[in-house]
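Listed below, chain by chain, are the residues.
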Amino acid sequence: MSFPIFMNTPPQWPGPAPKEADVVVIGGGVIGVCTALFLARAGQRVVLLEKGRIAAEQSSRNWGWIRLQGRDPDEIPIMLEAGEHWRAFARQTNVDIGLRQEGVTYLAETEKDYVKYEGWLDHARANGLDSRMLSSAETAKLIPNLSRSYAGALYTAQDMRAEPWVAVPALAGIAAREGATLVENCAVRGLDIEGGKVAGVITEAGRIKAPEVVLAGGAWSALFLQRHGIFVPQLSVRATVVATEPMDAVYQGGAADSRVAFRHRADGGYSLAQGGFSELFVGPSAFRSLRHYATQLRADPFGVRLLPRAPAGFPDGWGTPRRWADDAISPFERMRVLNPAPNARKAAKLLRQFAQMMPGLGEVRAAKSWAGMIDTMPDIVPVVDRAAALPGLTIGTGMSGHGFGIGPGMGRVLAALVTGDKVGHDLRRFRLSRFSDGSAMTLGPGL
Ligand SMILES: Cc1cc2nc3c(=O)[nH]c(=O)nc-3n(C[C@H](O)[C@H](O)[C@H](O)COP(=O)(O)OP(=O)(O)OC[C@H]3O[C@@H](n4cnc5c(N)ncnc54)[C@H](O)[C@@H]3O)c2cc1C
């Protein structure tokens, strides 16, 4: 399969959707797909609706790192569970999703970086992870060909990787085999609400009755919820990726310093990006959410580059409607796949910097580049919660740039929130009310 996934990929799941279900899941990214899979496994009649193609937004555009390393302490137990699901899924599909346990390494350029990474090890130890600090010499041994010496590195050998554009469609295949109905090209315009409760959804193809709805809309969730009077300070930022042509595999895992993050792909090339760099197209929601981001901006004032306006039709575009009638075309149908143009200058710089970082690899040639809009939150952790204001609605969104790896764990948790089964994890950190109940903003490690 070519990557990432675009609208010209033939639909695998053309529908039609049934008129009734136990649960409707909105969004066919890794979160929606895994939620549908676990709901089907729990015996629910579940319908997943995707406005474009399964995994065509963030879920096929990401780097493919499945990492425990650097995570928020409250995410680690869910991520440990996710790892088990990934291994099981790899066995349950006849597709090679590229799942490999090859580790993740954060290269410390300075002693200060080293100390910052070392600080996170307390969380690793508390959760029994195999993360450890490497010395400068150990780092050079782990990743041969590095042109410079590093102060050391934070290394988690048990971290994994997979090819997202293969993996998420393969998980969709498992969900369908286990009884979920998946429908592409089917935008949900809004919730059907009766007596203050969810009664189903209104799609571009008509109404589907269902007492439970899960919103896993990625970068579109805040816009969707705003129409129903629920505010989530979620924004989306552009992140650019370059794929090189096949090259020698000097290190099979994921590694990053402050300039380049790289991962070897199953096709022999590397995916390159810059970890700490993202671009925010400033729109009305950015202004509305600004006060929630004050803590993040103070901690990392140069982490996000501001761009004046989003391209037409983006979730936070100036001209994007915030209200529409149920029988009118919604912003979700107008943009089937959120496909931002990559930052070409950044892409060229990444190639140069990777060549400098790994001089022994020879010429670094781009095979392609793309970008994705990361749905981010002020505290860098998601919302995973039942909507108190709207019984029947469950929200799983704002995965903040690390939702691919944890997707299967979050999917199982979201399914349990719907069915009332045992969640098994403390979800207080991920509650929606943290933005309105006067709680202090606690930033995730964002490593
Ligand atoms: C460049 C980049 C690199 C990343 N690297 C990593 C990484 O290495 N590891 C990691 O763990 N994470 C990574 N991430 C983050 C990860 O990709 C996301 O957190 C994850 O894919 C989010 O999944 P999701 O299902 O919530 O959202 P998405 O994948 O964005 O899916 C949401 C889906 O909902 C659909 N939708 C929205 N509204 C509607 C509607 N009204 N009706 C119907 N359908 C709707 C959209 O079309 C979309 O397909 C990266 C992200 C990017 C962009």
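Computed from a predicted model, the values in this text were never measured in an experiment.

**Observations regarding empty space enclosed by the protein**
Moving on, step 1. Evaluated as defined, the whole model comprises three cavities of 30 Å³ or more.
Moving on, step 2. In this structure, the largest cavity encloses a volume near 100 Å³.
Moving on, step 3. Along the walls of the largest cavity sit A219, A222, L223, Q226, Q234, L235, S236, S285, P315 and D316, which together make up its complete lining.
Moving on, step 4. Elements supplying a minimum of two residues to the lining of the largest cavity: α7 (221-226) and β13 (235-244).
Moving on, step 5. Per-element tally for the lining of the largest cavity: the top contributor is α7, with three residues.
Moving on, step 6. Within the lining of the largest cavity, the residues separate by chemical class into five nonpolar, four polar and one charged.

**Notes on the sheet that holds strand β9 (residues 188-194)**
Moving on, step 1. Read across the sheet, three strands follow the order β9-β10-β11 without closing on themselves; strand pairing throughout is antiparallel. The sheet terminates laterally at β9 and β11 (206-209), the two strands that pair on one side only. Going across the sheet, the axis of each strand differs from the next one's by a mean of 30°, ignoring polarity.
Moving on, step 2. Inspection of the sheet shows β9 paired to strand β10 (residues 197-203) by six bridges, in the antiparallel sense. Bridge pairing in β10 links V188 to T203.

**Remarks on the domain arrangement of the protein**
Moving on, step 1. The domain architecture assigned to the protein consists of domain 1 (23-103 + 158-435) and domain 2 (104-157).
Moving on, step 2. Its C-alpha centre places domain 1 at a distance of 27 Å from the equivalent point of domain 2.
Moving on, step 3. With 30 residues of domain 1 in contact, the opposing surface of domain 2 contributes 21 residues.
Moving on, step 4. Approximately 2200 Å² of surface area, both sides summed, lies buried where domain 1 meets domain 2, with 55% of it carried by carbon and sulfur atoms.
Moving on, step 5. For the domain 1 face of the interface with domain 2, the top three residues by lost area are Q69, Q158 and Y251, together amounting to 29%.
Moving on, step 6. Between the two partners, domain 1 and domain 2, sit 17 residue pairs in polar contact (both at pLDDT 80 or more).
Moving on, step 7. Of all elements in the fold, only α3 (76-92), β14 (254-256) and α11 (344-357) reach the threshold of two or more residues within the side of domain 1 that touches domain 2.
Moving on, step 8. The class makeup of the residues in the side of domain 1 that touches domain 2 is 15 nonpolar, nine polar and six charged.

**A short note on the environment of I54**
Moving on, step 1. With respect to the helices and strands, the residue I54 is situated in the loop between β2 (46-49) and α2 (58-61).
Moving on, step 2. Placed 283 residues apart in sequence, I54 and V337 show a C-alpha to C-alpha distance of 9.9 Å.
Moving on, step 3. For I54, the contacting residues outside a window of four places in its chain are I5, W13, G28, V33, L48, V168, P169, A172 and E184.

About the cut-offs
Residues numbered from 1 in each chain as written. Predicted model: local features only at pLDDT ≥ 70, side-chain atom pairs only at ≥ 80, totals over all residues. Heavy atoms only, no water. 1 Å grid on protein atoms, 1.4 Å probe; cavity = no way out; pocket = protein on both sides within 12 Å on 5 of 7 lines; lining within 4 Å. Points joined across faces, edges and corners; volume = space filled by probe spheres on them. Helix = DSSP H or I, 4+ residues; strand = E, 2+ residues; numbered from the N terminus. Nonpolar A, V, L, I, M, F, W, Y, C, P; charged D, E, K, R; others polar. Pairing = 2+ DSSP bridges. Axes fitted to C-alpha atoms, helices over the stretch in contact; angles between N-to-C directions. Domains from an automatic or database assignment. Contact = heavy atoms within 4.5 Å. Buried area = accessible area lost by both parts, 1.4 Å probe. Polar contact = N/O pair within 3.5 Å; in protein donor to acceptor, adjacent residues only side chain to side chain.

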